[in-house]
Amino acid sequence: MIEMNVILRRIARDFPKRFAKANHDRVGLMTGKKPDKVQRILLLLDLDWEALPIVKEFKPDVIITHHPFIFGTRARVLKWDESKRLLVEQIDGMAIPVYSFHTNFDTGRGGMNDALSKALGLSNIYTPLKNPMMRIGELESPIEAVEFAKFAKTVFNVDYALLINSGAKNIKKVGIIGGGGSRSWPIAKDEGCDIYISGDAPHYVRRDIVNAQYNYLDMPHEIEKIFMPTMKEILLELDPSLEIKTVDHEKLPEVIQ
């Protein structure tokens, strides 16, 4: 077993709460009480109703998620979201604390966007001054835009990706923010990136990118599942005897062609 304080100190070293993007992005303890020691840890992208049977079967000492289990103040969320209130009651009834590490994990060294950049095989990785969450790096050799999109889809193990192929024909320099960072594309463009990768791009953002004659690869938000193996590695460095279960229970929408 390991003291929970040891885990929290390690996480806070590279992913402090001050890195969280906005005041409403509540990170840290979501519900329950901090345990003294833990042995069994469940890692999830999201704790939701589909994950509840896994929680009941595994019986972890603590659950760690990437996306906040309660996104906002507890009182406000549970007042307006009946489904979330009932799920919180279930988790509280099992006396299992839940911690979430969201945009502080996205921003910090060795976190989400470093892991995504590493998966793409980027080198010379750096963080632009205008966005501490973004990572920029270079491929070993240039690759045609459509082929790069196919490569990224394979690397991140998703069923689809949406490519705006309006800029450079070949891709060498890449900018990335996992999840919903589509609006930051001008920063990647100004940094000289041949393409920018993120997700959740609304229509007007896509049109702006097209009119700017730029390349953008919209990836499903679920590429952030890389959180689980990344966090697992961090935890096992602290104590290799920990029992850690990682579960990717989130299915992408079906693509109809």
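Here the structure is a predicted model, which means the values were calculated and not measured.

Cut-offs used in this document
Every chain's residues receive numbers from 1 upward, in the order its sequence appears when written. Reporting of local features is limited, given that this is a predicted model, to residues whose pLDDT is at least 70; pairs of side-chain atoms are given and counted only at 80 or more, and all residues count toward the totals for whole chains, interfaces and linings. As a convention, hydrogens and water are excluded, and side-chain values are obtained from all of the structure's heavy atoms. Secondary structure counts use DSSP, requiring at least four H or I residues in a row for a helix and at least two E residues in a row for a strand, with both numbered from the N terminus. Two things to know: the radius of gyration comes from C-alpha atoms, and the globule rule equals 2.2 Å times the number of residues to the power 0.38. Accessibility here uses a 1.4 Å probe with only protein chains present; expressed as a share of the type maximum, an area under 20% marks a residue as buried, one over 50% as exposed, and anything in between as partly exposed. Note on areas: Shrake-Rupley, 1.4 Å probe, and residue coverage restricted to the protein chains presented here. Charge convention: Lys and Arg are scored as positive, Asp and Glu as negative, and His as well as the terminal groups of each chain are ignored. Charge positions come from single atoms, namely NZ of Lys, CZ of Arg, CG of Asp or CD of Glu. What the arc covers is the set of directions going from the helix axis to the C-beta atoms. Contact definition: two residues touch when any of their heavy atoms are within 4.5 Å. Residues adjacent in sequence count toward polar contacts only when both atoms are side-chain atoms; beyond that, a polar contact is any pair of N or O atoms within 3.5 Å, and within protein one must be able to donate a hydrogen and the other to accept it. In this scheme, strands are said to pair when DSSP sees at least two bridges between them. Looking down the strands as they point away from you, a crossover is right-handed if its path from the first strand over the helix to the second goes clockwise. What makes a salt bridge here is a side-chain nitrogen of Lys or Arg within 4 Å of a carboxyl oxygen of Asp or Glu, nothing more. Lines fitted to C-alpha atoms define the axes here, with helix axes fitted over just the stretch in contact, and angles between the N-to-C directions of these axes take values from 0 to 180 degrees.

Colleague: Sorry, what's going on with the overall build of the chain here?
Modeller: Secondary structure summary: the chain contains ten helices and 13 strands in total. Relative to the compact-globule value of 18 Å for 257 residues, the chain shows a C-alpha radius of gyration of 19 Å, a close match. Counting only C-alpha atoms and orienting by the principal axes, one finds that the chain spans roughly 55 × 40 × 35 Å. Counting every position in the chain, which comprises 257 residues, the buried fraction comes to 51%. Total accessible area on the chain stands at roughly 12,800 Å², and carbon and sulfur atoms take up 51% of it. Of the charged side chains in the chain, 35 are positive and 35 negative, and the gap between their average positions amounts to 4 Å.

Colleague: Looking at this model, I keep getting lost on helix α7 (residues 145-155). Mind explaining?
Modeller: Regarding α7, the residues found buried are A145, F148, A149 and A152. Angular distribution of buried residues about the axis of α7 spans 100 degrees; they occupy a single face of the element. Each element contacted by the buried residues of α7 is listed here: β8 (135-144), β9 (162-165), β10 (170-176), β11 (195-198) and β12 (215-218). Measuring from the backbone nitrogen of V146 back to the side-chain oxygen at the start of α7 gives 3.0 Å, which picks out E144 as the cap.

Colleague: What is the right way to look at the pairing of β12 in this model?
Modeller: Look at any regular strand and the pattern is simple: side chains alternate between the two faces of the sheet. Side-chain alternation along β12 places N215 and L217 on one buried face and Y216 and D218 on a second face that is also buried. With four bridges connecting them, β9 and β12 associate as antiparallel partners. Residue pairing in the sheet places I164 in a bridge with Y216 of β12. In the classification by handedness, the crossover that spans β11, the intervening helix α9 (residues 203-211) and the parallel β12 is right-handed.

Colleague: I'm lost on the pattern of salt bridges in this one. Help?
Modeller: Any two side chains of opposite charge can pair, so long as their charged atoms come close to each other. Scanning the entire structure with this criterion turns up ten salt bridges. K225 is the salt-bridge partner of D248, the closest N and O atoms lying 3.7 Å from each other. Taken as a pair, D248 in the segment after β13 (243-247) and K225 in the loop between β12 and α10 (227-238) lie far apart in primary sequence, 23 residues in all. By sharing partners, the salt bridges in this structure join R10, R13, D14 and R109 into a single network.

Colleague: In this structure, what is going on with the sheet that holds β11? I would like to understand it.
Modeller: Adjacent strands of a sheet pair through backbone hydrogen bonds, lying either parallel or antiparallel. The sheet built from six strands is open, its strands ordered β7-β8-β10-β11-β12-β9 with mixed pairing. What marks the edges here is a single partner per strand, and that holds for β7 (123-126) and β9. Strand after strand, the sheet turns through a mean of 25 degrees between neighbouring axes, direction not considered. By the bridge criterion, six bridges tie β8 to β10 in an arrangement that is antiparallel.

Colleague: Got a minute to help me understand the environment of Y204 in this structure?
Modeller: Structurally, the position occupied by Y204 is in helix α9. Here the alpha-carbon distance between Y204 and N5, two residues 199 residues apart in the chain, equals 45 Å. Looking at Y204, its side chain comes within polar contact range of the side chain of R183, at 2.8 Å.

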